[in-house]
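# Notes for the structure review
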Amino acid sequence: MINIVTPTYRGHFSNIKIYLESFKKYAIKESGWQIVFTISADEEDEFRQLVYPYKEILPIKILIFENLLNEFNVQSTSENLLRRYGKFSYQTLKKFYTLLTLSGRYSLVLDSETELVRPTSIKDIFKQFFEDPFISYSSLSIRKPLPRFLSDVVENRNKIFNANDAHWFLESFDWFYDKEILKDLFSDYGSPIEIVETIKRTRDPDRRMSGVFEIDLYDSYIYLNNDKYNYRLVNVEFFLDNLNLEDRERYYDEWMSRYQGNAGLMEHALMFLTKSNVKVLAKAFRESGFNVIRCEKSNFRISGLQYDFMKEAKPNILAASQNHFFGCSSEHEMNNKYMLQYRMTLQHLQERKNLTGKKGLPCSFYLIYYQLKSFLFNKRLASFRKRYENMVHSQCKN
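Residues numbered from 1 in each chain as written. Predicted model: local features only at pLDDT ≥ 70, side-chain atom pairs only at ≥ 80, totals over all residues. Heavy atoms only, no water.

## Topic: the overall build of the chain
When helices and strands are tallied, the chain shows 17 helices and eleven strands. Taken over the C-alpha trace, the chain has a radius of gyration of 23 Å; the compact-globule value for 398 residues is 21 Å, and the two agree within 12%. Here the C-alpha coordinates of the chain stretch approximately 70 × 55 × 50 Å along the principal axes. When burial is assessed residue by residue, the chain has 55% of its 398 residues classed as buried. Excluding contacts between residues fewer than 6 apart, the proportion of contacts in the chain whose partners are at least 24 apart in sequence is 80%. Total accessible area on the chain stands at roughly 19000 Å², and carbon and sulfur atoms take up 48% of it. On the chain, the mean spot of the 56 positive side-chain charges and the mean spot of the 50 negative ones are 7 Å from each other. (Helix = DSSP H or I, 4+ residues; strand = E, 2+ residues; numbered from the N terminus. Rg over C-alpha atoms; globule rule 2.2 N^0.38 Å. Buried < 20%, exposed > 50% of the residue type's maximum accessible area, 1.4 Å probe, protein only. Contact = heavy atoms within 4.5 Å. Areas by Shrake-Rupley, 256 points an atom, 1.4 Å probe, with all protein chains shown as cover. Lys, Arg positive; Asp, Glu negative; His and termini not counted. Charge placed at Lys NZ, Arg CZ, Asp CG, Glu CD.)

## Brief notes about a nonpolar patch on the surface
A cluster of nonpolar side chains, Leu372, Phe375 and Leu376, forms an exposed patch at the surface whose accessible area comes to about 310 Å². Along the chain, phenylalanine 375 falls in helix 17 (residues 363-397). On the basis of relative accessibility, which here comes to 52%, the residue phenylalanine 375 falls in the exposed class. (Patch = residues over 30% accessible without salt bridge, like charges linked within 9 Å, V, L, I, M, F, W, Y side chains within 5 Å. Salt bridge = Lys/Arg side-chain N within 4 Å of Asp/Glu carboxyl O.)

## Details of the pattern of salt bridges
Under the criterion given, the structure shown has 23 salt bridges. A salt bridge links arginine 232 to aspartate 132; the shortest N-O distance between them is 3.0 Å. Here aspartate 132 lies in the loop between helix 5 (122-131) and strand 6 (134-139) and arginine 232 lies in strand 9 (residues 232-235), a separation of 100 residues in the sequence. When its relative accessible area of 38% is taken as the criterion, aspartate 132 is described as partly exposed. Put simply, Arg148, Asp152, Asp204 and Asp206 are held in one network by salt bridges that share partners.

## Digging into the pairing of strand 4 (residues 106-109)
Each regular strand displays side chains that alternate between the two surfaces of the sheet. Bridging between strand 1 (residues 2-7) and strand 4 involves three bridges; their strand directions are parallel. Bridged to valine 5 within strand 4 is valine 109. As judged from the three bridges shared by strand 4 and strand 8 (residues 176-178), these two strands associate in the antiparallel manner. Bridging from a neighbouring strand, leucine 108 pairs with phenylalanine 176 of strand 8. (Pairing = 2+ DSSP bridges.)

## A look at the packing of aromatic side chains
By the definition in use, this model includes 48 aromatic pairs. With centroids separated by 5.0 Å and ring planes inclined at 35°, the aromatic side chains of phenylalanine 88 and phenylalanine 213 adopt a geometry described as tilted. Separated by 125 residues along the polypeptide, phenylalanine 88 in helix 4 (residues 78-101) and phenylalanine 213 in the loop between helix 9 (205-210) and helix 10 (214-224) bring together distant segments of the chain. With a relative accessible area of 21%, phenylalanine 88 lands in the partly exposed category. For the pair tyrosine 252 and tryptophan 255, a centre-to-centre distance of 5.8 Å together with 50° between the ring planes defines the contact as tilted. Placement of the pair is tyrosine 252 and tryptophan 255 together in helix 12 (residues 245-259), with a separation of three residues, close to one helical turn. Members of the aromatic cluster, joined through ring pairs, are Tyr106, Phe126, Phe129, Phe130, Phe134, Phe176, Tyr231, Phe239, Phe285, Phe290 and Phe309. When the ring centre of phenylalanine 300 is taken as reference, the NZ or CZ atom of arginine 380 above it lies at 4.0 Å. (Phe/Tyr/Trp six-rings, centres within 6.5 Å; stacked < 30°, edge-to-face > 60°. Lys NZ or Arg CZ within 6 Å of the ring centre and 35° of its normal.)

## Quick word on helix 13 (residues 278-288)
If you check which residues of helix 13 are buried, you get Val278, Leu281, Ala282, Ala284, Phe285 and Ser288. Buried residues of helix 13, viewed axially, fall in a sector of 160°; they line one side. Exposed and facing more than 90 degrees away from the buried side of helix 13 are Lys279 and Glu287. Check the buried side of helix 13 and you find it contacts strand 6, strand 9, helix 12, strand 10 (292-294) and helix 14 (303-313). (Arc of directions from axis to C-beta.)

## Points about the sheet that holds strand 6
Here we have three strands laid out as an open sheet, ordered 7-6-9, and mixed in their pairing. Each edge of the sheet is formed by a strand with only one pairing partner; in this case those strands are strand 7 (167-168) and strand 9. Relative to strand 7, strand 6 is paired through two bridges, and the arrangement is antiparallel. Looking across to strand 7, one finds that serine 139 is bridged to histidine 167.

## Here's the deal with the nonpolar core
Ranked by internal contacts, the top residues of the largest apolar core, which has 129 residues, are Ile4, Leu20, Phe23, Met266 and Phe309. By residue number, the principal contributor to this core is helix 17, which donates nine residues. Leucine 20 has contacts with Ile35, Phe37, Val51, Tyr54, Leu58 and Ile60, leaving out every residue within four places of it along the chain. (Core = buried A, V, L, I, M, F, W, Y, C linked by side-chain atoms within 4.5 Å.)

## Quick word on the state of the cysteines
All chains considered together, the criterion is met by zero disulfides. Cysteine 396 carries a free sulfur, and the closest cysteine sulfur to it, the one in cysteine 328, is 15 Å from it. When its relative accessible area of 40% is taken as the criterion, cysteine 396 is described as partly exposed. (Disulfide = S-S within 2.5 Å.)

## Concerning the sheet that holds strand 11 (residues 317-319)
With mixed pairing, three strands are arranged side by side in an open sheet as 5-11-10. At either end of the open sheet lies a strand with only one pairing partner, and these are strand 5 (115-116) and strand 10. Both strand 5 and strand 11 contribute to a ladder of two bridges, which runs antiparallel. Counted as the bridge partner of glutamate 115 is leucine 318 from strand 11.

Below is the structure:
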């Protein structure tokens, strides 16, 4: 059995519906895999109602975090773990204990905001990864200045491993796990709860709050022991090598300006696309095997470039955000900027705060105007999505 693992919580349940809709639409029917959700006990009834319509369509398994804690003899409640270790280490515990309890050697961790975005054989994407497994990274030295939060996460990981490594391993969202490697990690450095407790005992409160990032810890362990595991190493800094100097500097400057180095160099690549870099970056993603990537958001200024990227890179999965044009979410239709303006104007009219707009025109005029603009936006979006789906199905046929 292979596992798609998604720890979640009540605040992300609205994302889970879209997540499941995407699996319903794009996951090829085949046996041998399951979607595993880990939730807290007080969320169980609500979550079971949420996933009930999909139980006969998708292979869904639900785990209760408190039961996992009992299974692994962790003497604490879920609430106390969150309070003691902070959200990052808490999430790490949730993921690691889920991965350890499952049968089957291989798992892929996906967050609640994930969507499949093309017809997908789950078994094939596992086969593709583990036939040529890789870890991706960038150097801390490209971040000038080095942000404190990211530095703390790396320092925490180095403390656990008694190492002095200077790489950041959250560059792609291909969070595939081999249970045998996890067992080696915990055999060498202690159980998940012992690892996060090591960081809790540091004197620096900022480092305690930064906690442990599970995929960074796991990939770093592989990197430090790669003579044993023989993973392909992907330094994403080389993705920019085929760009001219001006384009390289523009990408780097925009990335630093927006994230101050507190992200992977290629983590948000779909937000920095230009006509001159889109084909180069898409080719680098495809040739490196990146199949789970992030598209933080879409708008009509950049969506054409994102379409070109998706056409060339052909990822099966978009993770970490549903605020893009390529999935099942109706967020854009329901809450585009014109519809938000319509609601605000309607509220003002109902409360009689302001019966005229900023140009002296009656609010009723703006209600009609924003409704029309929203209608046109959604019509354009529907056309974009139809074009994307036609492209995907054409590629699948070929």
